[in-house]
Amino acid sequence: MSQSKFDVVTGGAGFIGSHLVRALLSRGRAVRVVDDFSSGKEENLQGLAEQHPGRFSLERADIRNSSAMLELLQGAEHVYHQAAMTSVAQSVEDPHRCHQVNAGGTLKVLEAARRGGAGKVVMASTTAVYGDDPELPKRETMLPSPISPYAAGKLAAEGYGQVYSRLYGLPVVALRYFNVYGPRQDPQSEYAAVIPKFISRMAAGSSPVIFGDGEQSRDFVFVEDVVRANLLAARSEVSGLALNVASGATCNLKQIVALLNEILGADLQPIFEQARAGDIKHSSADTSKARLAIGFQAQVTFKEGLSRAVAFYREAASGSPAASGRSS
């Protein structure tokens, strides 16, 4: 990478990370992706080296490797820390590894950013830190109540971010993502989110499977809005904060099926199965703090976002090269 100023995106080959990488490149930034490909995919970054010569590089490295992080983050202007074990179920199966990655790995990224002179770290956190507290909407002032190793590790990572901001003067902002959806979200994973699973089944003419009564609701936010929140946080003067990143509106699973039927021109009825233990019934976000702190407000409506996701998966199923190359 020839440019002296560059940004680092850890987990840049993943779903959200790859959208962020493309957005940064489209804005003329030089970007170094750091990913160990435990869940990220090289195809998510296909063609970027050729499209942006001298401004894109890809480094295979584990965030738990201190020496690698010190080398790769040296001189970075902004660090967008997206790398994590993202599956709650996997974290329950292997809490030790989850802690090593989500808490320990974040600590090593923060230390490398501090020693490398980074101007800002924007780190991905999660709505899961709120746990199953029934109070809605979720506000950043609420007492965290994690109920999984994944949530506990993310909360610990937030704590380290606040320490590095206040003790060492490294500007850090944590973004608590709610239910992110959009193109390049893997529908085939055992731990895939509900929207890509619904789309992949319904686009193939099969009924979607709903665990429970379908009334469970979530605050879904399109990946393009999440990317914008990251860019706003990096440019802002704020530090030491955790901010909700969501649409501020909710939709339940039955409503998602109805919208997808409308978009697809189908009439597929869901198959209802027994509710899964530990599933939270409702989740919604108060996004006023993010609006005041960094000027973030979601712009993509849920129906528009679903339509764009459906178009992507249809193109991917047909083998269209546009699917892998579409930018945020």
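See the structure above.
Attention here is on the structure that accompanies the text. Given the structure is predicted, the values throughout are model-derived calculations rather than measurements.

### Notes on unusual backbone geometry
Note that the residue after Leu136, namely Pro137, is joined by a cis bond; omega there is -10°. Residue position: Pro137 is located in the loop between strand E5 (120–126) and helix H6 (149–168). Even without glycine at this site, Phe37 takes up a positive phi of about 60°. Relative to the assigned elements, Phe37 resides in the loop between strand E2 (31–35) and helix H2 (48–51). Unusually for a residue other than glycine, Arg184 sits at a positive phi of about 75°. Its place among the elements puts Arg184 in the loop between strand E7 (179–181) and helix H7 (194–203). Taking relative accessible area as the criterion, Arg184 reaches 8% and is therefore assigned buried.

### Topic: the nonpolar core
In terms of nonpolar packing, the biggest core is built from 37 residues, with Val21, Tyr80, Leu175, Tyr177 and Val180 touching the most fellow members. When residues of this core are traced back to their parent elements, those giving at least two are helix H1 (15–26), E2, E5, strand E6 (172–177), helix H8 (223–235), strand E11 (241–245) and helix H10 (288–294). The greatest single-element share of this core, amounting to 8 residues, is contributed by H8. When neighbours within four sequence positions are excluded, Val180 is seen to be in contact with Phe15, Ile16, Gln185, Val221, Val223 and Val226.

### Thoughts on the pattern of salt bridges
Under the defined criterion, the tally for this structure stands at 15 salt bridges. Among the salt bridges present, the one from Lys254 reaches Glu215, with a minimum N-O distance of 3.1 Å. Of the two residues, Lys254 is situated in helix H9 (residues 253–264) and Glu215 in the loop between strand E8 (209–211) and strand E9 (217–218); the sequence distance between them amounts to 39 residues. Lys254 gets classed as partly exposed once you look at its relative accessible area, which sits at 36%. Notably, a salt bridge pairs Asp225 with Arg228, separated by 3.0 Å at the nearest N-O pair. Placement of the pair is Asp225 and Arg228 together in helix H8, with a separation of 3 residues, close to one helical turn. Given a relative accessible area of 1%, Asp225 falls into the buried group. A single salt-bridge network, built from bridges that share partners, covers Asp7, Arg29 and Glu77.

### Remarks on H9
In a regular helix each residue adds 1.5 Å, so 12 residues correspond to 16 Å; H9 covers 16 Å between its end C-alpha atoms and thus fits that length. Of all the positions in H9, only Leu253, Ile256, Val257, Leu259, Leu260, Asn261 and Leu264 are classed as buried. With a side-chain oxygen positioned 3.1 Å from the backbone nitrogen of Lys254, the residue opening H9 is Asn252. Within two residues after H9, Gly265 carries a phi angle of roughly 70°, on the positive side.

### Description of the packing of H1 against H8
Close contact between H1 and H8 brings their axes to 9 Å; oriented N to C, the two are set at 60°. Judged on the interaxial angle alone, H8 and H1 are oblique. The interaxial crossing formed by H1 with H8 has right-handed handedness. Together, Phe15, Ile16, His19, Leu20, Ala23 and Leu24 of H1 and Val223, Val226, Val227, Asn230 and Leu231 of H8 make up the contact between the two elements. Of the residues assigned to the contact of H1 with H8, the class counts are 9 nonpolar, 2 polar and no charged.

### A closer look at the packing of aromatic side chains
All chains considered together, the criterion is met by 7 aromatic pairs. With a centroid separation of 5.4 Å and an interplanar angle of 80°, the aromatic rings of Tyr181 and Phe302 are classed as edge-to-face. Note that Tyr181 is positioned in strand E7 and Phe302 in helix H11 (residues 302–318), a separation of 121 residues in sequence. As far as the burial class goes, Tyr181 and Phe302 line up, both buried. Between Phe220 and Phe302 the ring centres are 5.3 Å apart and the planes differ by 20°, which places this aromatic pair in the stacked class.

About the criteria used
- Residues numbered from 1 in each chain as written.
- Predicted model: local features only at pLDDT ≥ 70, side-chain atom pairs only at ≥ 80, totals over all residues.
- Heavy atoms only, no water.
- Helix = DSSP H or I, 4+ residues; strand = E, 2+ residues; numbered from the N terminus.
- Buried < 20%, exposed > 50% of the residue type's maximum accessible area, 1.4 Å probe, protein only.
- Core = buried A, V, L, I, M, F, W, Y, C linked by side-chain atoms within 4.5 Å.
- Contact = heavy atoms within 4.5 Å.
- Salt bridge = Lys/Arg side-chain N within 4 Å of Asp/Glu carboxyl O.
- Expected span 1.5 Å × (residues − 1).
- Polar contact = N/O pair within 3.5 Å; in protein donor to acceptor, adjacent residues only side chain to side chain.
- Axes fitted to C-alpha atoms, helices over the stretch in contact; angles between N-to-C directions.
- Parallel < 35°, antiparallel > 145°, perpendicular 65-115°, else oblique.
- Left-handed = near helix turned anticlockwise from the far one by under 90°.
- Nonpolar A, V, L, I, M, F, W, Y, C, P; charged D, E, K, R; others polar.
- Phe/Tyr/Trp six-rings, centres within 6.5 Å; stacked < 30°, edge-to-face > 60°.

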